[in-house]
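Structure at a glance
Spelled out, the chains give:
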Amino acid sequence: MKKRFLIIAAMLVAGFSTSAQEQDYPTQFSLNEAVDYAIEYNRTLKTSKMDVEYKRKQITQAISQGLPQINTTLDYSTNFGYEMNFGGNAIKLEDQLAFTASASQLLFSGQWIVGVQTAKIARQISELGVDATDLEIRSTVHTLYYTILAYQRMGAILENNLVDMEVIRQHTENMYAQGVVEVTDVDQIRVTVNQLRNNLYSVQRNTEVNSNILKIQMGLPVNSQITLTDNIDNMISSEEYSELVAEQFDINQNISYKQMITQEKLQEKMVSIEKWSFAPTISARYSYLEKIVEPSFSMSPSHSGA
């Protein structure tokens, strides 16, 4: 009884999850809607954007190394009334309570300057990575969308041909039963029917595979049901493609070329960091000591600097 209850509960939860899933995700997409949805929900693109934010944090961290550093401490020490004996003269070690404030400022560091520049270049590389991922997703969604529509059109043609060939096969078998045609004629028709059926299954499988890949690119669950609303005939005759073909290629606007150039700059900065490691670093430091509870004898100055 308990096992039966668990099975029923699991079925109800699965049904609810499926229903909720259908409500959470859109089911119909034009090409532009599919591209926009993929740009918003693609997991790889989200990761790339998070990497850009991480690189921005690294820039802030690198800059902070050259800002004034201020530290404060409150120290209390006790020797529990211990007395030191110097030839009959006893000196009691008194408790101490001191407040210390120190400030330091980096005045010059070649490594720090180049390090900040390197962090900024690293951020540029991440931003170009986002652009490259964005472009790749758009291209992939376009290709998959066209491919699925083409397979759907091919599948519809094969289905019609299969229906016609099934009718021909039936007529041929009837004619063979009447002795009008030879058995080889029937076999040829049957082979043709089987070939059409296998081709149809292959097209249906390819349609399903490409649909699943499209869902993954769009950040949708693989088991979700989507419908592509654009017509392949209208897409092929669109004027946009003629404009793209006529557009002049500019290598300076190519993402891969930009990434290569920026990567080269990053490597140059890494070499500069190694060179600046042999240069001197100039910094200033000031420290203030306030003895709240001090012993009768102390050699620690209140102000010090370097």
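Presented here is an overview of the structure given in this document. (Residues numbered from 1 in each chain as written. Predicted model: local features only at pLDDT ≥ 70, side-chain atom pairs only at ≥ 80, totals over all residues. Heavy atoms only, no water.)

**A look at the packing of helix H3 (residues 43-64) against helix H4 (residues 110-177)**
Remark: H3 packs on H4, axes separated minimally by 9 Å, with the N-to-C direction vectors making an angle of 170 degrees. Taken together, the axes of H3 and H4 lie roughly antiparallel to each other. The segment H3 lies against H4, with Thr44, Leu45, Ser48, Lys49, Asp51, Val52, Lys55, Arg56, Gln58, Ile59, Ala62 and Ile63 engaging Trp112, Val116, Ala119, Lys120, Ala122, Arg123, Ser126, Glu127, Val130, Thr133, Asp134 and Ile137. Split by residue class, the contact of H3 with H4 holds 11 nonpolar, five polar and eight charged. (Axes fitted to C-alpha atoms, helices over the stretch in contact; angles between N-to-C directions. Helix = DSSP H or I, 4+ residues; strand = E, 2+ residues; numbered from the N terminus. Parallel < 35°, antiparallel > 145°, perpendicular 65-115°, else oblique. Contact = heavy atoms within 4.5 Å. Nonpolar A, V, L, I, M, F, W, Y, C, P; charged D, E, K, R; others polar.)

**Looking at the environment of Gln69**
The residue Gln69 is located in strand S2 (residues 69-77) in this model. In this structure the C-alpha to C-alpha distance between Gln69 and Gln105, which are 36 residues apart in sequence, comes to 6.4 Å. Polar contacts involving the side chain of Gln69 include one to the main-chain carbonyl oxygen of Ser64, which spans 2.9 Å. (Polar contact = N/O pair within 3.5 Å; in protein donor to acceptor, adjacent residues only side chain to side chain.)

**Regarding the packing of aromatic side chains**
Aromatic ring pairs are reported here in terms of the distance separating the ring centres and the angle at which the planes meet. The final tally for this structure, using the stated rule, is three aromatic pairs. Their ring planes at 70 degrees and their centres at 5.4 Å tell us that Phe29 and Tyr37 sit as a pair that is edge-to-face. Comparing Phe29 with Tyr37 shows no difference in burial state: the two are buried. Ring pairs connect the aromatic residues Phe29, Tyr37 and Tyr41, which therefore count as one cluster. (Phe/Tyr/Trp six-rings, centres within 6.5 Å; stacked < 30°, edge-to-face > 60°. Buried < 20%, exposed > 50% of the residue type's maximum accessible area, 1.4 Å probe, protein only.)

**Concerning the packing of helix H2 (residues 31-41) against H4**
Running from N to C, H2 and H4 cross one another at 140 degrees; their axes reach a closest spacing of 10 Å. Helix-helix and strand crossings are classified by hand; for H2 and H4 the assignment is right-handed. Residue-level inspection shows Leu31, Ala34, Val35, Ala38 and Ile39 of H2 in contact with H4, the latter providing Asp134, Ile137, Arg138, Val141, His142, Tyr145 and Tyr146. (Left-handed = near helix turned anticlockwise from the far one by under 90°.)

**Topic: the nonpolar core**
Among the nonpolar cores identified, the biggest contains 23 residues, and Phe29, Val141, Tyr145, Leu214, Met218 and Leu228 are the most heavily contacted of them. No other element matches the seven residues that H4 contributes to this core. Other than its neighbours up to four places away in sequence, Leu214 contacts Val141, Leu144, Ile148, Ile226 and Leu228. Core analysis: the second largest hydrophobic core is formed by eight residues, Leu158, Leu162, Val193 and Leu196 among them. (Core = buried A, V, L, I, M, F, W, Y, C linked by side-chain atoms within 4.5 Å.)

**What about the side chain of Thr207?**
By secondary structure assignment, the location of Thr207 is in helix H5 (residues 183-218). Since its relative accessible area comes to 14%, Thr207 is described here as buried. Beyond its immediate sequence surroundings of up to four residues, Thr207 is in contact with Ile148, Tyr151 and Gln152.

**Looking at H5**
Because an α-helix completes one turn every 3.6 residues, residues spaced three or four positions apart along the sequence face the same direction. Helix length check: H5, at 36 residues, gives a terminal C-alpha distance of 52 Å against a target of 52 Å (1.5 Å per residue), a fit within 8%. Those residues of H5 not exposed but buried are Val186, Ile189, Val193, Leu196, Leu200, Val203, Thr207, Asn210, Ser211, Leu214, Lys215 and Met218. One or two positions beyond H5, positive phi appears at Gly219, with a value near 75 degrees. (Expected span 1.5 Å × (residues − 1).)

Keep in mind these numbers describe shape, not what the thing actually does.
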